[in-house]
Amino acid sequence: MKARVYVTFKPSVLDPQGQTIRAALNGLGHKGIEEVRQGKFFEITLQPGEDLDAIARDVLSNPVIENYRIEMLD
Amino acid sequence: MKVGVLVFPGSNCDHDAWYAIHQNLKGHAEFIWHDSHTLGDVDAVVLPGGFSYGDYLRCGAIARFSPVMQAVKNFAADGGLVIGVCNGFQILVEAGLLPGALLRNVGLRFICKEVALRTETADSPFTSKLSKGQVLRIPIAHGEGQYFADQRTLDELEAEDRVAFRYLENPNGSARDIAGILNRERNVLGMMPHPERACDPLMGSTDGLGIFQSMLANIPVLTK
């Protein structure tokens, strides 16, 4: 099976990379871009029985600063 | 008295730490490879700076799962002294031995320069030979040194006198200018600045010596 895991900063965490990207987009003339938050994306192929929730919580994300979301495909 | 310096793939301040302890402090230091399950007979542990596992995933995130880190957790739980510098600090927060996290510097730049730190407490095995308020000049060298923790954790760190060092001029956006913190039991210190790079007169500052001198003077007698 395949799964996608998205890891994003919590709203309370400053994302200077996202801010820099937003400023660059504004500079390119995309004045309508109000905010960019950069995150991570994992494409995972796995066998049944693997506890992807535990993996996302304990390894792929750091709960102090990040949230995660899992999407199971097929 | 022997200090163990951990070596992860990508550590690059391990020899600096070894040199400071061996040459500048006339102590004994030995390297411990990351896949070791024990710390041997060391009396204190240094997690050195560098880029363990290439900083992949998050800084320190993969080193945290090294076999040696379980030994470090047990050692710290028994009261052993553990100091993490830079990437070592990042590993300690990822491992949950210290609270909070270290984020990308505000301004995004990797910063390598000497900074001024204020010693915020002399009440720890790492700062007992310093005085509260003493200013140290010690270099930083990091891209991800912005200390982050929620307000409750920050309040708790301050209420429990666990902020060891603060920047006089905040270089990276760290919450409340925090440069180094202690765990609740005060036997684990994490700091972004590199005291091991400020131990030899050749390096322009010897202000890091006091931290290691404190540590060597306060090594507890552990039952092994």
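Definitions and limits used
- Residues numbered from 1 in each chain as written.
- Chains lettered and ligands numbered in written order.
- Predicted model: local features only at pLDDT ≥ 70, side-chain atom pairs only at ≥ 80, totals over all residues.
- Heavy atoms only, no water.
- Salt bridge = Lys/Arg side-chain N within 4 Å of Asp/Glu carboxyl O.
- Buried < 20%, exposed > 50% of the residue type's maximum accessible area, 1.4 Å probe, protein only.
- Phe/Tyr/Trp six-rings, centres within 6.5 Å; stacked < 30°, edge-to-face > 60°.
- Helix = DSSP H or I, 4+ residues; strand = E, 2+ residues; numbered from the N terminus.
- Contact = heavy atoms within 4.5 Å.
- Buried area = accessible area lost by both parts, 1.4 Å probe.
- Pairing = 2+ DSSP bridges.
- Axes fitted to C-alpha atoms, helices over the stretch in contact; angles between N-to-C directions.

It is worth spelling out the pattern of salt bridges at this point. Residue and element names in this part refer to chain A. Counted under the stated rule, the structure contains 23 salt bridges over all chains. The partner of Glu71 in a salt bridge is Arg69, with the nearest N and O atoms 3.4 Å apart. Assessed through its relative accessible area of 25%, Glu71 is described here as partly exposed. Exposure remark for Arg69: the relative accessible area of 46% places this residue in the partly exposed category.

Tallying each qualifying case throughout the model produces four aromatic pairs over all chains. Ring geometry for Tyr6(A) against Phe41(A): centres 5.2 Å apart, planes inclined by 35°, an arrangement best described as tilted. Taken together, the positions of Tyr6(A) in strand E1 (residues 2-9) and Phe41(A) in strand E2 (residues 40-45) put the pair 35 residues apart, joining distant regions of the chain. Between Phe89(B) and Tyr147(B), the aromatic rings sit 6.1 Å apart at their centres with planes inclined by 10°, giving stacked as the arrangement. Separated by 58 residues along the polypeptide, Phe89(B) in helix H3 (residues 87-94) and Tyr147(B) in strand E8 (residues 146-148) bring together distant segments of the chain.

By the secondary structure assignment, Asn62(A) is in the loop between helix H2 (52-60) and strand E3 (66-73). For Asn62(A), a relative accessible area of 6% gives the class buried. Setting aside anything within four residues of it in sequence, one finds Asn62(A) in contact with Arg58(B), Glu94(B) and Ala101(B).

Moving on, we come to the interface of chain A and chain B. Facing the 17 residues of chain A at the interface are 14 residues of chain B. Counting each side, the surface lost to burial between chain A and chain B is near 1200 Å², with a carbon and sulfur contribution of 67%. Taken together, chain A and chain B are joined by one salt bridge. In this structure, the salt-bridge partner of Arg58(B) is Glu66(A), at a minimum N-O distance of 3.9 Å.

Pairing between the strands of a sheet comes from backbone hydrogen bonds, and it takes one of two forms, parallel or antiparallel. All names here are of chain B. Read from one edge of the open sheet, nine strands run E2-E1-E3-E4-E11-E10-E9-E6-E7, paired in mixed fashion. Pairing within the sheet leaves two strands with one partner each, and these edge strands are strand E2 (28-33) and strand E7 (135-142). Between one strand and the next, the sheet's axes are offset by a mean angle of 25°, whatever the strand orientation. Both strand E1 (residues 2-7) and strand E3 (residues 44-47) contribute to a ladder of three bridges, which runs parallel. Note that in E3 the partner of Val5 across the bridge is Val46. Against the sheet, H3 makes contact with E3, strand E4 (81-85), strand E10 (178-182) and strand E11 (188-191), and its axis sits at roughly 120° relative to E4, the strand it touches most.

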